[in-house]
Amino acid sequence: MVPAIELSPGVSLPQVGFGVYKIPDDEVGAAVRTAFDAGYRCVDTATLYANERGVGEAVRSSGLAREDVFVTTKLWNTDHGYDEALRAFDRSLGELALDQVDLYLIHWPVPSADRYVQTWRALGKILADGRARAIGVSNFGEEHLARLLDETGVVPAVNQVELHPWLQRSALVDFHRRTGIATQAWSPLARGKLFDNETILAIAAKHGKTPAQVVLRWHVENGHAVIPKSVTPHRIAENIALFDFALDTDDLAAIAALDAGRHVGSQSRG
Ligand code: NAD
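In short, a report on the structure. Every value quoted in this text rests on a predicted model; they were computed, and no experiment measured them.

### Describing the pairing of strand β8 (residues 158–162)
Counting buried positions along β8 gives five out of five residues, so the element sits mostly inside the fold. Once you follow strand β7 (residues 135–138) into helix α5 (residues 142–152) and on to β8, the crossover reads as right-handed. Two strands pair when backbone bridges link them, and β8 and strand β9 (residues 182–186) are joined in this way by five bridges, in the parallel orientation. In the sheet register, Val-158 faces β9, and the bridge partner there is Ala-182.

Encoded structure:
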């Protein structure tokens, strides 16, 4: 039901996944199970979130075939460097108690440490060893991506960045399109701050949908993958019920006009 973005032959990233930032380890299992019941097959965690254990447990006990669930985790800023990255990955895999992750991301480039190229080489080894089915980055700007391409020739499968109607990042998204990097939006709902926007409310009323569904549908129609977060069952279900309506050209133009370079999350960490 949910379309997927092909990262490489046989490796497909569901366009709608479930974000679990700030869900405690002992609560994340229930949230992930609710998401699976609602039809999600993709979970986005990270070392930083301190809930890999609960996510792995939920995946392993879900009754779903492992190959039907897409699990992403991320390397934290204090683990940059070749050997450090290999060790960090081992720890994450141990916490998840899985044989393999589907996508391993460098969480932030941390240019002040200047080690993300070595870190990227370590992710290349993890990919070659078959312990991650795809590797990518998060919060990388064009200059960081260009450097990875120049120095290693290995294209990240994904760049996960803050992206929503207030922050449309067309230059970065164009760079992704030109180089074959999938765009995955974090805080795709602008953390709920867009829901009283008049443009979004008017489009939602026109289609009989919620503001969250309008914003997520906009992402999907623009080819982004999204990982909205909620712990509320009806919202979890709402955020994946996006495939029985479509935005028209007027809607898309009105949402395009909301672009304001406005961040709701961190612009750099580390
Ligand atoms: P989001 O845009 O998904 O917003 C989440 C908030 O919006 C929820 O806490 C809830 O309050 C509200 N919400 C969600 N669905 C709703 C609905 N249908 N109706 C009304 N309100 C609703 O923001 P987020 O949690 O910051 O981002 C989502 C995921 O992205 C995270 O869980 C995490 O997995 C990932 N993320 C990654 C990074 C990164 O640096 N790579 C940074 C932040 C988040």
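### A closer look at the pattern of salt bridges
Throughout the structure, instances matching the rule amount to 15 salt bridges. For Asp-248, the salt bridge goes to Lys-206, with nearest N and O atoms at 2.8 Å. Note that Asp-248 is positioned in the loop between α9 (233–238) and α10 (249–256) and Lys-206 in helix α7 (residues 198–207), a separation of 42 residues in sequence. Under the relative-accessibility criterion, Asp-248 is labelled partly exposed at 29%. With its nearest N and O atoms 2.7 Å apart, the salt bridge here joins Asp-251 to Lys-206. A residue pair is termed long-range when its members are at least 10 positions apart, and Asp-251 in helix α10 and Lys-206 in helix α7 qualify at 45 residues. Because the salt bridges share partners, they merge into one network encompassing Arg-66, Asp-102 and Arg-133.

### A look at the sheet that holds β8
Within the open sheet, the eight strands sit side by side as β3-β4-β5-β6-β7-β8-β9-β10. Their pairing is parallel. Only two strands of the sheet have a single partner each, and these edge strands are β3 (18–19) and β10 (225–226). Across three bridges, strand β6 (residues 103–106) lies against β7 in parallel orientation. When the bridges of β7 are listed, Leu-105 appears paired with Gly-136.

### Some remarks on the layout of surface pockets
Of the pockets and cavities examined, the largest pocket occupies roughly 740 Å³. Tyr-21, Ser-187, Pro-188, Arg-191 and Lys-229 are, among the 32 residues lining the largest pocket, the residues nearest its centre. Counting residues per element, the ones that place at least two in the lining of the largest pocket are α8 (211–221) and α9. Of the residues in the lining of the largest pocket, the class split is 14 nonpolar, 11 polar and seven charged.

### A few points about the environment of Arg-87
Mapped onto the fold, Arg-87 is located in helix α3 (residues 82–96). Sequence separation between Arg-87 and Ala-122 is 35 residues, and the spatial gap between their C-alpha atoms is 9.9 Å.

### So, the side chain of Ser-187
Mapping Ser-187 onto the fold places it in the loop between β9 and α7. Among the polar contacts listed, one links the side chain of Ser-187 to the side chain of Arg-191, at a separation of 3.2 Å.

### As for the site of the ligand
As a structural note, the neighbourhood of the ligand is formed by 27 residues, with Asp-44, Gln-160, Ser-187, Leu-189 and Arg-191 the closest of them. One nitrogen or oxygen atom from the side chain of Glu-238 is found 3.0 Å from a nitrogen atom belonging to the ligand. Asn-239 is positioned such that a nitrogen or oxygen atom in its side chain is 2.9 Å from a nitrogen atom of the ligand. When isolated, the ligand has an accessible area of 830 Å², and the protein chains bury 87% of it. Taken atom by atom, the bulk of the ligand overlaps the largest pocket. Residues that form the shell around the ligand fall into these classes: 12 nonpolar, nine polar and six charged.

### A word on the side chain of Glu-162
Secondary-structure assignment places Glu-162 in strand β8. A distance of 2.7 Å separates the side chain of Glu-162 from the side chain of His-164, its partner in a polar contact. Among the polar contacts listed, one links the side chain of Glu-162 to the backbone nitrogen of Gly-265, at a separation of 3.2 Å. Those residues in contact with Glu-162 that lie beyond four places of it in its chain are Asn-139, Leu-167, Arg-169, Trp-186, Arg-262, His-263, Val-264, Gly-265 and Ser-266.

### A word on the packing of α5 against helix α6 (residues 170–179)
Axis separation between α5 and α6 bottoms out at 10 Å; the angle between their running directions is 20 degrees. Relative to α6, the element α5 is oriented roughly parallel. As for the relative orientation of α5 and α6, their crossing is left-handed in sense. Of the residues in α6, those in contact with Glu-142, Leu-145, Ala-146 and Leu-149 of α5 are Ala-171, Leu-172, Phe-175, His-176 and Thr-179. Class assignment of the residues belonging to the contact of α5 with α6 gives a composition of six nonpolar, two polar and one charged.

Scoring rules and cut-offs
- Residues numbered from 1 in each chain as written.
- Predicted model: local features only at pLDDT ≥ 70, side-chain atom pairs only at ≥ 80, totals over all residues.
- Heavy atoms only, no water.
- Buried < 20%, exposed > 50% of the residue type's maximum accessible area, 1.4 Å probe, protein only.
- Helix = DSSP H or I, 4+ residues; strand = E, 2+ residues; numbered from the N terminus.
- Right-handed = clockwise from strand over helix to strand, strands pointing away.
- Pairing = 2+ DSSP bridges.
- Salt bridge = Lys/Arg side-chain N within 4 Å of Asp/Glu carboxyl O.
- 1 Å grid on protein atoms, 1.4 Å probe; cavity = no way out; pocket = protein on both sides within 12 Å on 5 of 7 lines; lining within 4 Å.
- Points joined across faces, edges and corners; volume = space filled by probe spheres on them.
- Nonpolar A, V, L, I, M, F, W, Y, C, P; charged D, E, K, R; others polar.
- Polar contact = N/O pair within 3.5 Å; in protein donor to acceptor, adjacent residues only side chain to side chain.
- Near = heavy atom within 4 Å.
- Areas by Shrake-Rupley, 256 points an atom, 1.4 Å probe, with all protein chains shown as cover.
- Sits in = over half its atoms within 2 Å of the grid points.
- Contact = heavy atoms within 4.5 Å.
- Axes fitted to C-alpha atoms, helices over the stretch in contact; angles between N-to-C directions.
- Parallel < 35°, antiparallel > 145°, perpendicular 65-115°, else oblique.
- Left-handed = near helix turned anticlockwise from the far one by under 90°.

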